[in-house]
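# Coordinate analysis (summary)
Chain by chain, the residues run as shown.
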Amino acid sequence: MRPALVLIANDQEWSARSIESVLAPQGYAILRAFTGQQAIDRARSARPDLIVLDAQLPDIHGFEVCRILRQDAAVGPGVPIIVTTAGPSGRQQRLEASRAGAWDFLGQPLD
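Each value, and the rule that gives it
Residues numbered from 1 in each chain as written. Predicted model: local features only at pLDDT ≥ 70, side-chain atom pairs only at ≥ 80, totals over all residues. Heavy atoms only, no water. Helix = DSSP H or I, 4+ residues; strand = E, 2+ residues; numbered from the N terminus. Rg over C-alpha atoms; globule rule 2.2 N^0.38 Å. Buried < 20%, exposed > 50% of the residue type's maximum accessible area, 1.4 Å probe, protein only. Contact = heavy atoms within 4.5 Å. Areas by Shrake-Rupley, 256 points an atom, 1.4 Å probe, with all protein chains shown as cover. Lys, Arg positive; Asp, Glu negative; His and termini not counted. Charge placed at Lys NZ, Arg CZ, Asp CG, Glu CD. Phe/Tyr/Trp six-rings, centres within 6.5 Å; stacked < 30°, edge-to-face > 60°. Pairing = 2+ DSSP bridges. Axes fitted to C-alpha atoms, helices over the stretch in contact; angles between N-to-C directions. Parallel < 35°, antiparallel > 145°, perpendicular 65-115°, else oblique. Left-handed = near helix turned anticlockwise from the far one by under 90°. Nonpolar A, V, L, I, M, F, W, Y, C, P; charged D, E, K, R; others polar.

Secondary structure assignment for the protein chain yields four helices and five strands. The order of α-helices and β-strands along the protein chain, N terminus first, is β-α-β-α-β-α-β-α-β. The C-alpha radius of gyration of the protein chain comes to 13 Å, within 12% of the 13 Å expected for a compact globule of 111 residues. For the protein chain, the spread of C-alpha atoms along the three principal axes comes to 40 × 30 × 25 Å. Every one of the 111 residues in the protein chain was classed for burial, and the buried ones make up 42%. Restricting to contacts in the protein chain with at least 6 residues of sequence separation, those with at least 24 account for 57%. Carbon and sulfur atoms provide 53% of the accessible area of the protein chain, an area that totals close to 6000 Å². Averaging the locations of the 11 positively and 12 negatively charged side chains of the protein chain gives two centres separated by 4 Å.

Counted according to the given criterion, the structure contains one aromatic pair. On the numbers, 5.7 Å between centres and 55 degrees between planes, the contact of F63 with F105 is tilted. With a gap of 42 residues between them, F63 in helix α3 (residues 62–71) and F105 in strand β5 (residues 104–108) connect regions that are remote in the sequence. Note on accessibility: F63 and F105 belong to one class, buried.

Take the sheet that holds strand β2 (residues 29–33) next. Pairing is parallel across the open sheet formed by five strands, whose spatial order is β2-β1-β3-β4-β5. Only two strands of the sheet have a single partner each, and these edge strands are β2 and β5. Along the sheet, successive strands turn relative to each other by an average axial angle of 20 degrees, direction set aside. Sheet topology places strand β1 (residues 5–9) next to β2; five bridges connect them, and they run parallel. Bridging from a neighbouring strand, L7 pairs with L31 of β2. Packing against the sheet, helix α2 (residues 36–46) makes contact with β1, β2 and β3 (50–54), and its axis sits at approximately 145 degrees to β2.

At a minimum axis distance of 8 Å, the contact between α3 and helix α4 (residues 91–100) shows a crossing angle of 20 degrees. When the axes of α3 and α4 are compared, the pair comes out roughly parallel. Relative to α4, the crossing made by α3 is right-handed. Along its contact with α3, which presents F63, C66, R67 and R70, the element α4 presents Q93, E96, A97 and A100. For the contact of α3 with α4, the residue count by class is four nonpolar, one polar and three charged.

Take unusual backbone geometry next. Residues other than glycine predominantly adopt negative phi, and peptide bonds predominantly adopt the trans conformation. Residues other than glycine seldom take positive phi values, yet R47 does so here, at roughly 50 degrees. With respect to the secondary-structure elements, R47 resides in the loop between α2 and β3.

Written out as structure tokens, the structure reads:
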């Protein structure tokens, strides 16, 4: 049985590594993406068990990536998508993330 695969889409190396440093020791396999388009392509091909998207990706906003993935049959509504942002998460951002199909919206650093 393969380990659960987590796709981390974040162009900030320190932020992606901090998330990876929590998940990898727990046995999760990690796949990285640095842009929204890479996240979409890798989600479609690798079919991860969890997707962690940064809201501020360099090419496509994380909320839009989330909407695209939710409409894609390869991902659909069953794969948890968590959107993260640097700093605190406000109510408006949490609502927008929810409307985009995210399971959660979290500010970093993650606790």
